Amino acid sequence: MIVNTELEQKGNLFPSEIIKYKKVVDTLYFTTKNNVILQVTVVRDSVIRFRYTTTGKFDNDFSYGITIHASRGYNFLEVTEEETHYVIKTSKLICKVEKLSLQIKIYDALDLKLINEDELGFHWEESYEFGGDIVKMSKVCQRAESYYGLGDKPVGVNMKGKRFENWVTDSYAFGKDTDPIYKAIPFYTAIQDNKSYGIFFDNTFKTHFDFGQERRNVTSFWAQGGEMNYYFIYGPKMEDVVANYTDLTGKPHALPPLWALGFHQCKWSYFPESEVKEITNTFRKLQIPCDAIYLDIDYMDGFRCFTWDKNHFPDPKRMVKELENDGFKTVVIIDPGIKIDLEYDVFKEALDKDYFCKRADGPYMKGKVWPGECYFPDYTKPEVREWWSELFKELIEDIGVKGVWNDMNEPAVMEVPNKTFPDDVRHDFDGNPCSHRKAHNVYGMQMARATYHGLKKFAYPKRPFVITRAAYSGTQRYTSTWMGDNVATWEHLWIANVQAQRMAMSGFSFAGSDIGGFAEQPQGELFARWIQLGVFHAFCRVHSSGDHGDQEPWVFGTEITDIVRKFIELRYQLLPYLYTAFWDYINDGIPILKSLVLFDQEDVHTHYRSDEFVYGDKILVCPVLEPNTKGRRMYIPRGNWYNFWTDEMVEGGKEMWVDADLDSMPIFIKEGAVIPKYPVQQYVGEKQFNEITLDVYYKVGKETSKLYDDAHDGYDYKKGRYSLRTFKFTGKENEIILQQHKEGKFDAQYSNFRIVFHNLPFKITSFEIDNVKVDLQESNGNKHQEILVEKSFTEIHLFGDE
Ligand code: GLC
């Protein structure tokens, strides 16, 4: 045993020496003299779970974070005993467990390099007040090690030197460095010496992470209760770490309907019906694409969920239908607080069925939210989730609402100092009864889960769309998310950028900020810059509190309106590209946004970059985050990139100035890329088009791009009715070969390809489609950079002259 008197005096306890070892299939148990058991489970060759108990017995193994669909299984496992330690070997990792201290060291199995090492390792403090332990883990923070992840923290992408808390919190007008805010995602990735690993601390109590803040050479994490229970995930590529974490905690159960990737407009609140219509009509009149309109709390009758204010919305079904005819989907807000009102059937039913949360001694958990005093359903009880799901029948099936927005689900309680339930509130926790200390961080997740199941059932055969504010690891399986109540300031534009990147590398790609800021009102310039960033986030919605004036794209004058339109149009053109990135995300767990460190971890210059990111895998974006500027300095990652606006090529691996007037922003395309584009539509499905554009960016060498497509809604794609095209580009001095491989049974509505070549160093003189020579005049209308291919080719061969 390692004696650390100072810490021991502070009440810390440590495991003593191992006296027993047992192996059951993929799980090993090491028991110490003082009744600590370390359970090591080899989940995959590169994923190992470490779980500790201090009582000689483990509690029921239950997790909301880990999905049953996670892939498991390893190729190789060998355990050997040496004099001072045990050695666990998989094909990717070697893990040593010290006999005297239970401390862990983890090595890369191939080059035997040390990747991660316990400092004190597992230790704990007994909690007299609540029982159980405050469980702690400390690891050595290696030289030049950097840390990323942890969900929505409003700080620069690299977290080195900082400490954080995870406790989902309603955080109106939070700021840079405010901690904690809305989400609890206890997962980080680290990188050191070009090797990346991740740690998912699957503990729903309040957790803390310290990345070398308290002690420069120590990284630690701890929780107020529950088990020390973490998954160690090895890369060495950071993208594989994130993909593996996303696999463990789950990918979205289905693709979103394509309209959900369109542009959304929201405000607190649009009412009455005439105002909603005025907004949607203006979008169409000004030809600014938009797919969804939101109704905030004022559509309800006295803020009672699942009711309508019939004065303002006399016939919701008709209105929703009319909006739909005009290409708008209606999304409505649903909060967890249920107004105490015996005349209100939702309240009455939940009361009769005993579905509301109760305090330790039995009274109901009563708290104030928008409707005044409320009770709150215990969404951690399966029966309650079932009931909640059924409540959506009328809204979705009958009225025709297409999406539901879950808010205040931290859960937020007004006029109390801790902004939420007291600790003693009881929860079912799926048959593992506990206090709010344990259930708090998953409350919102379980609400969103129940909402998702309701929508899935009643929207069938269409796909559901849900958005949530609170989240714990795994919430991405059910819903999209936004970052809560931000502010219309330049600093918040910076925050929105780092948050979206951070969420993506925390397994949650379907995320976005309130564009323009929720509190206060932006100047036109800030709004335009925010739209430019927002169109590159998977969830793209303007929202504002409405207190300080309007925030629709047309309220800032025509110059701004035109800029906003231009960027929303670009989003709609790039929908097939985003949809393809989403496909990669739900299949392989690949984040839709890639911070530069995730994109190119080998280049240490990327380790501290926060502003630039790669959208999908081919488009480099960098928002302009300051007023009154005609451009900015930015880092271009290694490789050759084309300026999207000018086609000028730049060589990466360096920082440079990029021009970007207010109507522009720095966007670069990776050389060799094939970028698919739809025509501009006012909403998804507005147009039937039989032609898709492929923008091809010349390169000497090879590059692979993808294009995914399906019916844009419904589940047929799960039965193979999708189309996944792989484009292989090969560029030579006077020649290009573009090969296409198509997989899946779906025939897209387009059969023609307009192929636009960027930066061809030669004039096209002739070309062949599938080995047949084509008349150049007819197929490119005499343009030297463009050809029209009116069939699904497998190979295009293009020849040119200087
Ligand atoms: C919360 C939400 C915000 C919403 C408001 C009223 O502040 O975060 O988006 O508009 O409540 O429902």
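Residues numbered from 1 in each chain as written. Predicted model: local features only at pLDDT ≥ 70, side-chain atom pairs only at ≥ 80, totals over all residues. Heavy atoms only, no water.

Under an unreviewed UniProt entry, the name given to the chain is Glycosyl hydrolase, and the source organism is Polaribacter gangjinensis. The record held by UniProt for the chain lists under Sequence similarities (unreviewed entry) the comment "Belongs to the glycosyl hydrolase 31 family." (UniProt positions renumbered as here; feature names shortened; annotations may be inferred.)

Membership of the largest hydrophobic core comes to 203 residues, with the highest contact counts inside it found for W388 and I755. Among the elements that line this core, the one with the most residues is helix 8 (residues 436-459), at 10 residues. Other than its neighbours up to four places away in sequence, I755 contacts L694, V696, L738, Q785, E786, I787, V789, F793 and I796. (Core = buried A, V, L, I, M, F, W, Y, C linked by side-chain atoms within 4.5 Å. Buried < 20%, exposed > 50% of the residue type's maximum accessible area, 1.4 Å probe, protein only. Helix = DSSP H or I, 4+ residues; strand = E, 2+ residues; numbered from the N terminus. Contact = heavy atoms within 4.5 Å.)

Turning next to the domain arrangement of the chain. Annotation of the chain at the domain level lists domain 1 (5-142 + 195-235), domain 2 (259-335 + 393-411 + 431-577), domain 3 (593-670) and domain 4 (688-800). Of note, the centres of domain 1 and domain 2, computed from C-alpha atoms alone, are 40 Å apart. Each side of the interface is counted separately: domain 1 has 16 residues, and domain 2 has 12 residues. At the boundary of domain 1 with domain 2, total buried surface from both sides reaches about 1200 Å², with 50% on carbon and sulfur atoms. Per-residue buried area on domain 1 facing domain 2 is highest for Y64, T204 and F205; these three make up 54% of the total on that side. Connecting domain 1 to domain 2 are 0 salt bridges. Put simply, domain 1 and domain 2 have 9 residue pairs in polar contact (both at pLDDT 80 or more) between them. (Domains from an automatic or database assignment. Buried area = accessible area lost by both parts, 1.4 Å probe. Salt bridge = Lys/Arg side-chain N within 4 Å of Asp/Glu carboxyl O. Polar contact = N/O pair within 3.5 Å; in protein donor to acceptor, adjacent residues only side chain to side chain.)

Let us now look at the sheet that holds strand 16 (residues 195-201). Strand pairing in a sheet relies on backbone hydrogen bonds. The paired strands run either parallel or antiparallel. Overall, antiparallel pairing links the 8 strands, which are arranged 2-3-4-5-19-16-15-12 in an open sheet. Strands with a single pairing partner mark the edges of an open sheet, and in this sheet they are strand 2 (18-24) and strand 12 (146-149). Each neighbouring strand pair of the sheet contributes to a mean axis angle of 20°, computed without reference to strand direction. Two elements, strand 15 (residues 187-192) and strand 16, share 6 bridges in a ladder whose sense is antiparallel. (Pairing = 2+ DSSP bridges. Axes fitted to C-alpha atoms, helices over the stretch in contact; angles between N-to-C directions.)

Right, let's talk about the packing of aromatic side chains for a bit. Per the counting criterion, the structure on display carries 76 aromatic pairs. Between the aromatic rings of Y21 and F30, the centroid separation amounts to 5.2 Å while the plane-to-plane angle is 25°, which identifies the pairing as stacked. Among the residues examined, Y21 registers a relative accessible area of 29% and is labelled partly exposed. Taking 5.6 Å as the distance between ring centres and 65° as the angle between the ring planes, the aromatic pair formed by F421 and Y443 counts as edge-to-face. Taken together, the residues F421 in the loop between strand 26 (403-406) and strand 27 (426-427) and Y443 in helix 8 connect sequence positions 22 residues apart. A residue is classified by how much of its surface remains accessible, and Y443, at 0% relative accessible area, is buried. Through successive ring pairs, a cluster of aromatic residues spans F50, Y147, F164, Y188, F201, F209, F211, F221 and Y230. Lying over the aromatic face of Y29, K22 brings its terminal NZ or CZ to 5.0 Å of the ring centre. (Phe/Tyr/Trp six-rings, centres within 6.5 Å; stacked < 30°, edge-to-face > 60°. Lys NZ or Arg CZ within 6 Å of the ring centre and 35° of its normal.)

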